[in-house]
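Here are the chains, one letter per residue:
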Amino acid sequence: MDIKIRTEELRLSFGKREILKGVTVDVYKNKITGFMGPAGSGKSSLISIMNRMIDFEENATISGRVFIDGEDILDGEIDEVHLRRRVGMVFAVPIPLPRSIFDNIAYGPRLKNKNSGRELRSLVQESLKKAFLWDEVKDRLNSSALKLSGGQQQRLCLARTLALEPEIILLDEPCSGLDPISTAKIEEALNELKKEYTIVLVSNNTKQIARITDYAAFFYMGTLIEYGTTEKVFTNPSERKTEDYIQGKFG
Amino acid sequence: MIKKALTKEHFVKYILTAFALSSLLFLFLIFIFILSEGIPLFHKVGLKNIIFGFKWAPTKGSFGIFPMIVSSFLVTFGALMVGAPLGLSCAIYLSEYSGKKLKLFLKPALELLAGIPSVVYGFLGVIYIVPLVRNFLGGPGFSLLATSIILGVMIFPTVISISFDALMSVPKTYREGSFAMGATKWQTIYKVIIPSARSGILASFILGMGRAIGETMAVIMVAGNALRIPTSILDPLRTLTSNIALELAYATGDHRLGLFSTGVVLLVIIMILNYIATFAIRRRVLK
């Protein structure tokens, strides 16, 4: 199995507050890897390092290494703008830009000077289809994205990430504000998408992790407690803490 | 006990209401005063002859203020040409690039700039800008160009502080979304942040215009006050405000009324600008 992302002894602190305390984890290609853990476990911060969105946090100090396809992305020479195209991100709160549905999806491709009408249109269509949103919006691509429902907005955000043609998709609790039906649609989309992409899903919802991930990692207070196939982690966890968390004894 | 507390509450409320309404009263009085003094001449000489008349010779019965209206708009436009790009750039720098510490230092400094009396700006204009224009570009130096530069600097703080607030009110999530889609900082600024803050930025320009068109002292000092429509940016000119300030001291009879008519025109222009600015700001809030 190919390793897509590998972190080595990754440490992160905001000022004096330690968020990650030496995390070493491998993320496999074309799998869905779930990061779970209670609030403050560092799981969201971990993925924001993977596409260097962490750069926008003031006073964040990082040490250790993060490899994507064997290349250290924390290297100062790496172009973080290019990296973010390879490693797309979907946020917890869906945040379409205040423009039309079409323009939201086309935003990324246009930045890359993909402007030719037909090519762009087919890319937008394909991205919306992959995000299971096409049928609901195909007749109103020019209306404002802000008019969509929460679940639709989140799938729009997934679609616009797909339009970047990334290799990796990071999802930071993408369903935390969604109803069960919208959640099911996102999960359905992710299941299809893993054929083409490597997916990292951060979630507080252990049931969701159990449902759709191939590998699961449990974080607690900035430390990776347990990591393995989802089946193993959920049926036969080797750590007491993991078991307690999965059974809902804390979190 | 309950009754007493309520009475006291009511008393405070009425007092405050009275004070609040008194500001409206002042506005109302100013309107009545200017209109009652200014309107009669419009009847006597004719609206068209005043607004579109080219000749201002109030002692000889000519009250044409068209050159001044044009001049007022020209200096306002010139001020905008100078102040808007500078002010907007500065606001973008402050909101997007500068660190917290620099922001803490720069914002009060800019507010201080707004507090400098206009006569000081005029003085600096006469001492530095006017000779510069005269020596390097020709003409008398007292000119549209010099006035535009001085007014541009004067509207600078207005443009910055209102644009800055508009830029800062763009949700952080828009920035994140844009960055996550592989946009550079500058791409994010001109594709997402500026369009989102558009109406606020527009409002800052319009309020800056309001300040420029109403400015008097600095303009009198550097504009040259010639009674004609300037044909080049190096020509001197006289604005509506300058006209009132320059002549009111010795004007009598119809001449005096003519200055009030000038004031009426100015008031109308400023009301229109304010209305547009309010409209722009309200649109932003509603969105």
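Everything discussed here concerns the structure shown above.
Report follows, based on the coordinates. It should be emphasised that the depicted structure is a prediction, and the values quoted were computed from it without experimental measurement. (Residues numbered from 1 in each chain as written. Chains lettered and ligands numbered in written order. Predicted model: local features only at pLDDT ≥ 70, side-chain atom pairs only at ≥ 80, totals over all residues. Heavy atoms only, no water.)

### With respect to the overall build of chain B
Reasoning step 1: Across its full length, chain B carries 12 helices and 2 strands.
Reasoning step 2: Across chain B, helices and strands are ordered from the amino to the carboxyl terminus as α-α-β-β-α-α-α-α-α-α-α-α-α-α.
Reasoning step 3: By its C-alpha atoms, chain B is 70 × 70 × 30 Å across when sized along the principal axes.
Reasoning step 4: Relative to its full complement of 287 residues, chain B shows a buried share of 45%.
Reasoning step 5: Carbon and sulfur atoms provide 74% of the accessible area of chain B, an area that totals close to 15,200 Å².
Reasoning step 6: The average position of the 26 basic charges and that of the 10 acidic charges among the side chains of chain B differ by 5 Å. (Helix = DSSP H or I, 4+ residues; strand = E, 2+ residues; numbered from the N terminus. Buried < 20%, exposed > 50% of the residue type's maximum accessible area, 1.4 Å probe, protein only. Areas by Shrake-Rupley, 256 points an atom, 1.4 Å probe, with all protein chains shown as cover. Lys, Arg positive; Asp, Glu negative; His and termini not counted. Charge placed at Lys NZ, Arg CZ, Asp CG, Glu CD.)

### Here's the deal with the pattern of salt bridges
Residues and elements named next belong to chain A.
Reasoning step 1: All told, the structure shown has 32 salt bridges over all chains when counted by the stated rule.
Reasoning step 2: The salt bridge partner of Arg 86 is Asp 69, with a shortest N-O separation of 3.3 Å. You can see Arg 86 sitting in helix α2 (residues 80–86) and its partner Asp 69 sitting in the loop between β4 (60–68) and β5 (71–72), a full 17 residues away along the chain.
Reasoning step 3: A relative accessible area of 16% means that Arg 86 is categorised as buried.
Reasoning step 4: Assessed through its relative accessible area of 43%, Asp 69 is described here as partly exposed.
Reasoning step 5: Across the pair Lys 195 and Glu 192 runs a salt bridge, and its minimum N-O distance is 3.1 Å.
Reasoning step 6: Note on Lys 195: relative accessible area 58%, which makes it exposed.
Reasoning step 7: By relative accessible area, Glu 192 is classed as partly exposed at 41%. (Salt bridge = Lys/Arg side-chain N within 4 Å of Asp/Glu carboxyl O.)

### Considering the packing of helix α4 (residues 117–130) of chain A against helix α6 (residues 150–162) of chain A
Residue and element names in this part refer to chain A.
Reasoning step 1: Packing of α4 against α6 brings their axes to within 8 Å, and their N-to-C directions diverge by 130°. The pairing of α4 with α6 is recorded here as oblique in orientation. Crossing geometry of α4 relative to α6 is assigned as right-handed. Mapping the contact onto sequence places Ser 127, Leu 128 and Lys 130 in α4 and Leu 156, Ala 159 and Leu 162 in α6.
Reasoning step 2: For the contact of α4 with α6, the residue count by class is 4 nonpolar, 1 polar and 1 charged. (Axes fitted to C-alpha atoms, helices over the stretch in contact; angles between N-to-C directions. Parallel < 35°, antiparallel > 145°, perpendicular 65-115°, else oblique. Left-handed = near helix turned anticlockwise from the far one by under 90°. Contact = heavy atoms within 4.5 Å. Nonpolar A, V, L, I, M, F, W, Y, C, P; charged D, E, K, R; others polar.)

### Describing the nonpolar core
Reasoning step 1: In this structure, Tyr 107 of chain A together with Ile 150, Leu 151, Ile 160, Leu 167 and Phe 205 of chain B are the most contacted members of the largest nonpolar core, which totals 47 residues.
Reasoning step 2: Going through the elements one at a time, α3 (101–111) of chain A together with α3 (66–97), α5 (118–137), α6 (144–168), α8 (185–196), α9 (198–214) and α10 (217–223) of chain B are the ones with two or more residues in this core.
Reasoning step 3: At 12 residues, α6 of chain B tops the list of elements feeding residues into this core.
Reasoning step 4: In this view, Phe 205 of chain B contacts Leu 80, Ala 84, Leu 88 and Val 159 of chain B; residues no more than four positions away in its chain are not counted. (Core = buried A, V, L, I, M, F, W, Y, C linked by side-chain atoms within 4.5 Å.)

### Things to note about the sheet that holds strand β1 (residues 3–14) of chain A
Residue and element names in this part refer to chain A.
Reasoning step 1: Taking strand neighbours across the sheet as the criterion, the 4 strands line up as β2-β1-β4-β5 in an open arrangement whose pairing is antiparallel. Since the sheet does not close on itself, it has two edges, and those belong to β2 (17–28) and β5, each with one partner.
Reasoning step 2: Pairing of β1 with β4 involves 8 bridges; the strand directions are antiparallel. Bridging from a neighbouring strand, Leu 12 pairs with Ile 62 of β4.
Reasoning step 3: Against the sheet, helix α1 (residues 43–50) contacts β1, β2 and β4, and its axis sits at roughly 115° relative to β1. (Pairing = 2+ DSSP bridges.)

### Quick word on the interface of chain A and chain B
Reasoning step 1: With 21 residues of chain A at the contact, the number on the chain B side is 18 residues.
Reasoning step 2: Carbon and sulfur atoms supply 66% of the area buried between chain A and chain B, which totals about 1,700 Å² over both sides.
Reasoning step 3: Between chain A and chain B we count 1 salt bridge in total.
Reasoning step 4: The salt bridge involving Glu 58 of chain A is made with Lys 100 of chain B; its shortest N-O contact spans 3.9 Å.
Reasoning step 5: For the interface between chain A and chain B, the tally reads 2 residue pairs in polar contact (both at pLDDT 80 or more).
Reasoning step 6: Elements supplying a minimum of two residues to the side of chain A that touches chain B: α2 and α3 of chain A.
Reasoning step 7: For the side of chain A that touches chain B, the element with the highest residue contribution is α3 of chain A, accounting for 4 residues. (Buried area = accessible area lost by both parts, 1.4 Å probe. Polar contact = N/O pair within 3.5 Å; in protein donor to acceptor, adjacent residues only side chain to side chain.)

### So, α8 of chain B
Note on helix geometry: an α-helix contains 3.6 residues per turn, so any two residues three or four positions apart are oriented the same way.
Reasoning step 1: Its 12 residues give α8 of chain B an end-to-end C-alpha distance of 15 Å, which sits within 8% of 16 Å, the value for a rise of 1.5 Å per residue.
Reasoning step 2: All buried positions along α8 of chain B are accounted for by Gln 187, Thr 188, Ile 189, Val 192, Ile 193 and Ser 196 of chain B.
Reasoning step 3: Taken together, the buried residues of α8 of chain B touch α3 of chain A together with α3, α6, α7 (172–180) and α9 of chain B. (Expected span 1.5 Å × (residues − 1).)

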